[in-house]
Amino acid sequence: MTPAYDEAWFASRATPGVRGLRAYDPGHDVVALRARHGAALAELGSNENPYGPSPRARRAMQDALELAHRYPDPRGAALKHALASLHGIDAGSIVLGNGSHELLMLLAQVFAGPGDAVAYPRYGFAVFALAAQAAGALAQVAAALLSQGPMPHGHDLEALRGVIDDRTRLVYLANPNNPTGTWLEHDALDAFLDDVPAEVLVVVDEAYAELADAPGYRSMLPRVPRRPNLVVTRTFSKAYGLAGLRCGYAVAAPGLVAVMERVRESFNVNGPALAACAAAVQDQPWVERVRAENSRQRDALAGALRARGLGVGPSQTNFLLVEFGDATPEVEARLLERGVVLRPMAGYGLGRYSRITVGTADENARLLRALDKVRA
Ligand SMILES: Cc1ncc(COP(=O)(O)O)c(C=O)c1O
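From a predicted model like this one, the values you see are computed outputs, not experimental measurements.

For the rest of this paragraph, the subject is the domain arrangement of the protein. Parsing the protein into structural domains produces domain 1 (8-40 + 285-375) and domain 2 (55-283). Using only C-alpha atoms to locate each centre, domain 1 and domain 2 end up separated by 22 Å. Taken together, the contact between domain 1 and domain 2 spans 29 residues of the former and 29 residues of the latter. Between domain 1 and domain 2 the total buried area reaches about 2600 Å² when both faces are included, carbon and sulfur atoms providing 64% of it. Taken together, the links from domain 1 to domain 2 amount to one salt bridge. With a shortest N-O distance of 3.4 Å, Arg298 and Asp213 are connected by a salt bridge. Linking domain 1 with domain 2 are eleven residue pairs in polar contact (both at pLDDT 80 or more), by the criterion used here. Those elements giving two or more residues to the side of domain 1 that touches domain 2 turn out to be helix 2 (16-19), helix 12 (284-307), strand 9 (311-312), strand 10 (319-323) and strand 13 (353-357). The biggest single contributor to the side of domain 1 that touches domain 2 is helix 12, with eight residues.

Quick look at the layout of surface pockets now. Space inside the second largest pocket adds up to approximately 280 Å³. Lining the second largest pocket are 15 residues, and of these His87, Ala209, Glu210, Arg234 and Arg291 sit closest to its centre. Counting only elements with at least two residues in the lining of the second largest pocket, the list comes to helix 5 (77-87) and helix 12. Looking at side-chain class alone, the lining of the second largest pocket contains eight nonpolar, three polar and four charged residues. When residues are assigned to domains, the lining of the second largest pocket turns out to be shared by domain 1 (8-40 + 285-375) and domain 2 (55-283), each giving three or more.

Applying the stated criterion across every chain yields a total of nine aromatic pairs. Seen from their ring centres, Tyr71 and Phe267 are 4.6 Å apart, and the 25 degrees between their planes marks the pair as stacked. Of this pair, Tyr71 sits in the loop between helix 4 (55-64) and helix 5 while Phe267 sits in the loop between helix 10 (254-261) and helix 11 (271-281), and the two are 196 residues apart along the sequence. Take Tyr71: its relative accessible area is 68%, and that puts it in the exposed class. Here a set of aromatic residues connected by ring pairs shows up, and it is made of Tyr5, Trp9 and Phe10. Above the plane of the ring of Phe319 lies Arg355, whose end atom (NZ or CZ) is 5.7 Å from the centre.

Attention shifts here to the sheet that holds strand 13. Reading across from one edge, 9-10-13-12 is the order of the four strands in this open sheet, with antiparallel pairing throughout. Each having just a single partner strand, strand 9 and strand 12 (343-344) make up the two edges of the open sheet. Examined bridge by bridge, strand 9 and strand 10 share two bridges and lie antiparallel to one another. Residue pairing across strands places Gly311 opposite Glu323, the latter belonging to strand 10. On top of the sheet, helix 13 (residues 328-337) reaches strand 12 and strand 13; it is set at about 35 degrees to strand 13, its chief contact.

Attention shifts here to the nonpolar core. Formed by 52 residues in total, the largest nonpolar core has its most connected members in Leu79, Phe192, Phe236 and Leu242. Examining the composition of this core, we find that seven residues originate from one element, helix 11, more than from any other. For this core, the domains that each give at least three residues are domain 1 (8-40 + 285-375) and domain 2 (55-283). Not counting residues up to four positions away in its chain, the partners in contact with Leu242 are Pro53, Ala57, Met61, Phe236, Ser237, Ala276, Cys277 and Ala280.

Time to look at the site of the ligand. Every residue close to the ligand is listed here: Gly99, Ser100, His101, Phe125, Asn178, Asp205, Ala207, Tyr208, Thr235, Ser237, Lys238 and Arg246. Note that a nitrogen atom of the ligand is positioned 2.5 Å from one of the side-chain N or O atoms of Asp205. Considering the ligand on its own, with 400 Å² of exposed area, one finds that the protein chains cover 91% of that surface. Looking at side-chain class alone, the shell around the ligand contains three nonpolar, six polar and three charged residues.

Turning next to the pairing of strand 5 (residues 168-174). If a strand is regular, its side chains alternate between the two faces of the sheet. For strand 5, the buried fraction is high: six of the seven residues fall into the buried class. Where strand 3 (residues 117-121) and strand 5 come together, three bridges link them in parallel fashion. Following the sheet pairing, Val118 is matched in strand 5 by Leu170. Across five bridges, strand 5 lies against strand 6 (residues 201-205) in parallel orientation. Residue pairing for strand 6: Val171 is matched across the bridge by Val202. Handedness of the crossover is the feature at issue here: the chain leaves strand 5, passes through helix 9 (residues 186-195), returns alongside strand 6, and the resulting connection is right-handed.

Take Arg264: it is sitting in the loop between helix 10 and helix 11. Polar side-chain contacts of Arg264 include one of 2.9 Å to the side chain of Glu261. A distance of 2.7 Å separates the side chain of Arg264 from the side chain of Asn268, its partner in a polar contact. Discounting chain neighbours no more than four positions away, the residues touching Arg264 are Pro74, Val95, Leu96 and Leu106.

Parameters and conventions
Counting restarts for each chain: residues are numbered from 1 in the order of the written sequence. Selection of residues for local features in this predicted model requires a pLDDT of at least 70, selection of side-chain atom pairs for listing and counting requires 80 or more, and totals for whole chains, interfaces and linings are taken over all residues. Values reported for side chains reflect all heavy atoms of the structure, with hydrogen atoms and water molecules removed beforehand. The domain boundaries here were taken from an automatic or database domain assignment. The criterion used for residue contact is that any of the two residues' heavy atoms lie within 4.5 Å. In short, buried area is how much 1.4 Å probe accessible area vanishes from two parts on joining, totalled over both. Salt bridge criterion: a side-chain nitrogen from Lys or Arg within 4 Å of a carboxyl oxygen from Asp or Glu. In protein, a polar contact requires one atom able to donate a hydrogen and another able to accept it; more generally it is a pair of N or O atoms within 3.5 Å, and residues adjacent in sequence count only if both atoms are side-chain atoms. A run of H or I in DSSP becomes a helix once it reaches four residues, and a run of E becomes a strand once it reaches two; helices and strands are each numbered from the N terminus. Method remark: on a 1 Å grid restricted to protein atoms, a set of points is classed as a cavity if a 1.4 Å probe fits but cannot get out and as a pocket if it is open with protein on both sides within 12 Å along at least five of seven lines; lining residues have an atom within 4 Å of a point. Grid points are joined across faces, edges and corners, and a volume is the space filled by probe spheres set on the points. Classes in brief: Ala, Val, Leu, Ile, Met, Phe, Trp, Tyr, Cys and Pro nonpolar; Asp, Glu, Lys and Arg charged; the others, Gly included, polar. Here is the rule: rings of Phe, Tyr and Trp (six-membered ring for Trp) pair when centre to centre is within 6.5 Å. Planes less than 30 degrees apart are stacked, more than 60 are edge-to-face, and the remainder are tilted. Note on exposure labels: buried denotes an accessible area under 20% of the residue type's maximum, exposed denotes more than 50%, and partly exposed covers the range between, all computed with a 1.4 Å probe on protein chains only. Two conditions define a charge located above a ring, namely a distance within 6 Å from the ring centre to NZ of Lys or CZ of Arg, and an angle within 35 degrees of the ring normal. By definition, two strands form a pair when at least two bridges between them are found by DSSP. Fitting a line to C-alpha atoms yields each axis, with helices limited to the stretch in contact; the angle taken between N-to-C directions then spans 0 to 180 degrees. Buried residues of nine kinds, namely Ala, Val, Leu, Ile, Met, Phe, Trp, Tyr and Cys, make up a nonpolar core once their side-chain atoms join them within 4.5 Å. Being near a molecule or strand, for a residue, comes down to having at least one heavy atom within 4 Å of it. Accessible surface is estimated by sampling points in the Shrake-Rupley manner with a 1.4 Å probe; for residues, cover comes only from the protein chains shown. Seen with the strands pointing away from the viewer, any crossover whose path from the first strand over the helix to the second strand runs clockwise is right-handed.

Following this line, the structure appears as structure tokens:
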């Protein structure tokens, strides 16, 4: 009999990990929403940076278009050099990715397979589960914190340590975390790293690190040279305002980087992205301005939402997790009608909450005005 050649048939031919996967759900058709609402659309669903990139990065990407007919530098040497000098590390400890998403997936592909396990916290970044499953590894999901004030979703390091066993190859956690916005104190995370068996790799996803300014928060990047089982991932999609160019990086022991390089697609980061990111790294005052403005707007928005009686989680990112309770789907749908896009959280098992990106002062004001009408 001729096969049906439909999705079910092809899935049956896929590797066991891929068989059970579902494709990424983008949530909304933002292209259609932009066409409908134009400049009035408040895009608060994807944790992008509303201020965009440094002007130096814009110029660099435009100049790089002159070389669009050439392959980009497969080693990304100029960008690695800029990052090495920013962080005071060796360029050989950096691997570049087409977004940090690619690197998170690659880490599982390289270091975990069928018979291995990958540990990560409940309400951790969605890609952790995807990476483990696509690699065909067993997922070890640690319970979330239940005692952190009104928003009980932060990472519980004790629970995470508890799920690690001799099958565990890789541990993922994000600090600060998406979608909760919560963060871990540096000393607590350092103690956790001390406690993890030395042969288990720990990936600390720091996509929002440049936006964090809490006194107890510190990046794990300076720890990498002394912790060969630690991998830190960063992205240009958030504080640097370059989400559309797709570029991220991982910092790890040079030996680990060398193994990742065996499977990294040679030209995974395109020329304009390499040029723009190298220029962006050299404009740290821009990043500082973004961080300061984001913190100001985050505090103001959180205050305004709390003043309306809503539960708002603590956040060291550019988004807030907000509790609308039973009304969540209706609030989201009615805001969307008014051109305000939020991120529904049902896919994370947090259906009583919405994730709201902190926008500009003007976007946040539009959100609040629309919210008042919707909830009246
Ligand atoms: C915690 C976290 N890690 C990684 C990423 C992926 O970022 P990118 O692939 O754009 O570098 C995101 C994106 O939202 C994120 O929230």
